[in-house]
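Observations on the model geometry
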Amino acid sequence: MVVGGGQSGLSAAACLQRRGIRPLVLEQHQVGHAWERQRWDSFCLVTPNWQCRLPDFPYDGKDPEGFMVRDDIVAYVRRFAAAIAADVREGVSVQRLCWRDGTYTLTTNAGEIEVEHVIVATGGYHKPKRHPQAERLPSSVVQLDARDYRNPDQLPAGPVLVVGSGQSGCQIAEDLFLAGRRVHLSVGSAPRSPRRYRGKDVVDWLDRMGYYAMPIDQHPEPRLVRHKTNHYLTGRDGGRDIDLRRHARNGIVLHGRLLGFADGQIHFSSDLAANLDQADAVYCRIRDSIDAYIQREGIEAPEEAPYQPCWHPPAAGADSVALHQEPLAAVIWCTGYAADFRWIDLPVFNGAGYPAHDRGVTHSPGLYFIGLPWLQTWGSARFSGVADDAEHLAETIRLRMQLTDARHERQECTALLGS
């Protein structure tokens, strides 16, 4: 049984089928739902198309160096589903998973199902987070989570505050700004990455350097990396850096981390300069690591000048926006997501509601996870690495089923000899 019909669940199904195991895949909505319904209109991948490597189904378009837009991603995932011809039941949601009478029991909107093996492929981003004081905003201000934003036209006229500077926050702020909206952006501690450097896309360099294949136990911060914010950059218009300093110089209003709301004002921390400096430091470290790799491998590559900041925030303390002077039309919350596995009634979590596992294999025999950030590598929750994780789980299940069959056969032989 596979719970979740996204690219992770479908990849697991494909790898199981290769081994002669025909799984049932339950999908709460439709295949490709999250890509189609929880992304904005101009959304595109931040990794090049050539990194889309689902099992035996690599990117099949004409622009391997480009970045698929939302509708093309949906079509790619659905073509993959059609190609593997897995038994996918759409519109079936799982309300509870528990252990009962020696099997796993799934309670669904279509009835109960009993199975010996369950792969949970629902990802790790389930519930949007908002600032605790979001409810104190005036009712006249529209509030949306990133997954509900579609385009600037869905918002009423007026300035917009985007809270959060990870990939979604920076890209949505840019989308609004390019449409002519006045944009405020609350900048957190998210790191940033170059798009291209020394003649290649940075993803190409990092792939050659082995970053996407590095196992988590070799990472210098294995306990922290699963919960770190992704670097911000974009694949829009052929791909480019996102330099918030340049956006500030062009008109986006940057603030530090959001503190709260009081007396008709939105208050921000004084950490804007520090957050920009920190993001730039990561940006420069990535460039430095590529420089070192090029030198070590003796690769000929064009030189590039060192990065120089084009804008600095004014030397001031905490700032605020007075809503009577700047009547916000909307706030878009791009402050991350929390996992919600409360429907799994089994002791397989780490005390903070997150699955405890070894490359997706839990200590509860027959229960597995796939598609989580850093399940095993940086590519685990991406199109680039999910196939390797799916192969690992499928082989683990095949071996366990083989052992179970052998055990049953021995028991039957023993019973016959004793009769």
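Everything below is about the structure shown above.
Presented here is an overview of the structure given in this document. Computed from a predicted structure; not experimentally measured. (Residues numbered from 1 in each chain as written. Predicted model: local features only at pLDDT ≥ 70, side-chain atom pairs only at ≥ 80, totals over all residues. Heavy atoms only, no water.)

Counting its secondary structure elements, the protein contains nine helices and 22 strands. On C-alpha atoms alone, the protein measures out to a radius of gyration of 24 Å, which is about the 22 Å that the 2.2 N^0.38 rule sets for 419 residues. The dimensions of the protein, computed from C-alpha atoms along their principal axes, are 90 × 60 × 40 Å. For the protein, the residues scored as buried account for 50% of the 419 residues in total. Sequence separation of at least 24 residues holds for 70% of the intrachain contacts in the protein that already meet a minimum separation of 6. Element-wise, carbon and sulfur atoms account for 49% of the exposed surface of the protein, whose accessible area totals about 19900 Å². The centroid of the 46 positive side-chain charges in the protein is displaced by 1 Å from the centroid of its 51 negative side-chain charges. (Helix = DSSP H or I, 4+ residues; strand = E, 2+ residues; numbered from the N terminus. Rg over C-alpha atoms; globule rule 2.2 N^0.38 Å. Buried < 20%, exposed > 50% of the residue type's maximum accessible area, 1.4 Å probe, protein only. Contact = heavy atoms within 4.5 Å. Areas by Shrake-Rupley, 256 points an atom, 1.4 Å probe, with all protein chains shown as cover. Lys, Arg positive; Asp, Glu negative; His and termini not counted. Charge placed at Lys NZ, Arg CZ, Asp CG, Glu CD.)

Here we take up the sheet that holds strand β6 (residues 94-100). Taken in spatial order, the three strands of this open sheet run β6-β7-β8, and their pairing is antiparallel. In this open sheet, the two strands that pair with only one neighbour each are β6 and β8 (111-115). The average undirected angle you get between the axes of adjacent strands in this sheet is 20°. Note: strand β7 (residues 103-108) against β8, five bridges, orientation antiparallel. Each bridged residue has a counterpart across the sheet, and for Thr 107 the counterpart in β8 is Glu 112. (Pairing = 2+ DSSP bridges. Axes fitted to C-alpha atoms, helices over the stretch in contact; angles between N-to-C directions.)

The next subject is the environment of Arg 285. With respect to the helices, strands and loops of the structure, Arg 285 is situated in helix α8 (residues 272-297). Classification of Arg 285 as exposed rests on a relative accessible area of 52%. For the pair Arg 285 and Gly 260, spaced 25 residues apart in sequence, the C-alpha separation works out to 33 Å.

Spanning twelve residues, helix α1 (residues 7-18) covers 16 Å between terminal C-alpha atoms, matching the ideal 16 Å at 1.5 Å per step. Burial within α1 is extensive, with eleven of its twelve residues counted as buried. Taken as a whole, α1 has its buried residues at Gln 7, Ser 8, Gly 9, Leu 10, Ser 11, Ala 12, Ala 13, Ala 14, Cys 15, Leu 16 and Gln 17. Within two residues after α1, Gly 20 carries a phi angle of roughly 80°, on the positive side. (Expected span 1.5 Å × (residues − 1).)

On to helix α4 (residues 167-178), then. The terminal C-alpha atoms of α4 lie 16 Å apart, and with twelve residues this matches the ideal 16 Å at 1.5 Å per residue to within 8%. Listed in full, the buried residues belonging to α4 are Gly 169, Cys 170, Gln 171, Ile 172, Ala 173, Glu 174, Asp 175 and Leu 176. Buried residues in α4 make contact with β12 (160-163), β13 (183-186), α7 (244-250) and β20 (330-333). Remark: Gly 180 follows α4 within two positions and exhibits a positive phi of approximately 90°.

Okay, unusual backbone geometry next. Positive phi outside glycine occurs at Ala 85, with the angle close to 50°. You can see Ala 85 is positioned in the loop between α3 (70-84) and β5 (87-90). Phi angles above zero are rare outside glycine, and Asp 263 is one such case at about 55°. Looking at the secondary structure, you find Asp 263 in the loop between β17 (258-262) and β18 (265-268). Asp 263 gets classed as exposed once you look at its relative accessible area, which sits at 80%.

Moving on, we get to the packing of α1 against α3. Packing of α1 against α3 leaves a shortest axis separation of 10 Å and a crossing angle of 20°. Taken together, the axis directions place α1 and α3 in an arrangement best described as roughly parallel. Crossing of α1 against α3: the hand is left-handed. Residues Gln 7, Leu 10, Ser 11, Ala 13, Ala 14 and Gln 17 of α1 form the contact with α3, whose participating residues are Val 77, Phe 80, Ala 81 and Ile 84. Its residues placed into classes, the contact of α1 with α3 shows seven nonpolar, three polar and no charged. (Parallel < 35°, antiparallel > 145°, perpendicular 65-115°, else oblique. Left-handed = near helix turned anticlockwise from the far one by under 90°. Nonpolar A, V, L, I, M, F, W, Y, C, P; charged D, E, K, R; others polar.)

Topologically, Val 183 is positioned in strand β13. With 50 residues separating them along the chain, Val 183 and Gln 133 place their C-alpha atoms 21 Å apart. Excluding residues within four positions of it along the chain, Val 183 makes contact with Val 160, Val 162, Ala 173, Leu 176, Phe 177, Ile 252 and Val 253.

Without other data, these values stay purely geometric and don't point to any function.
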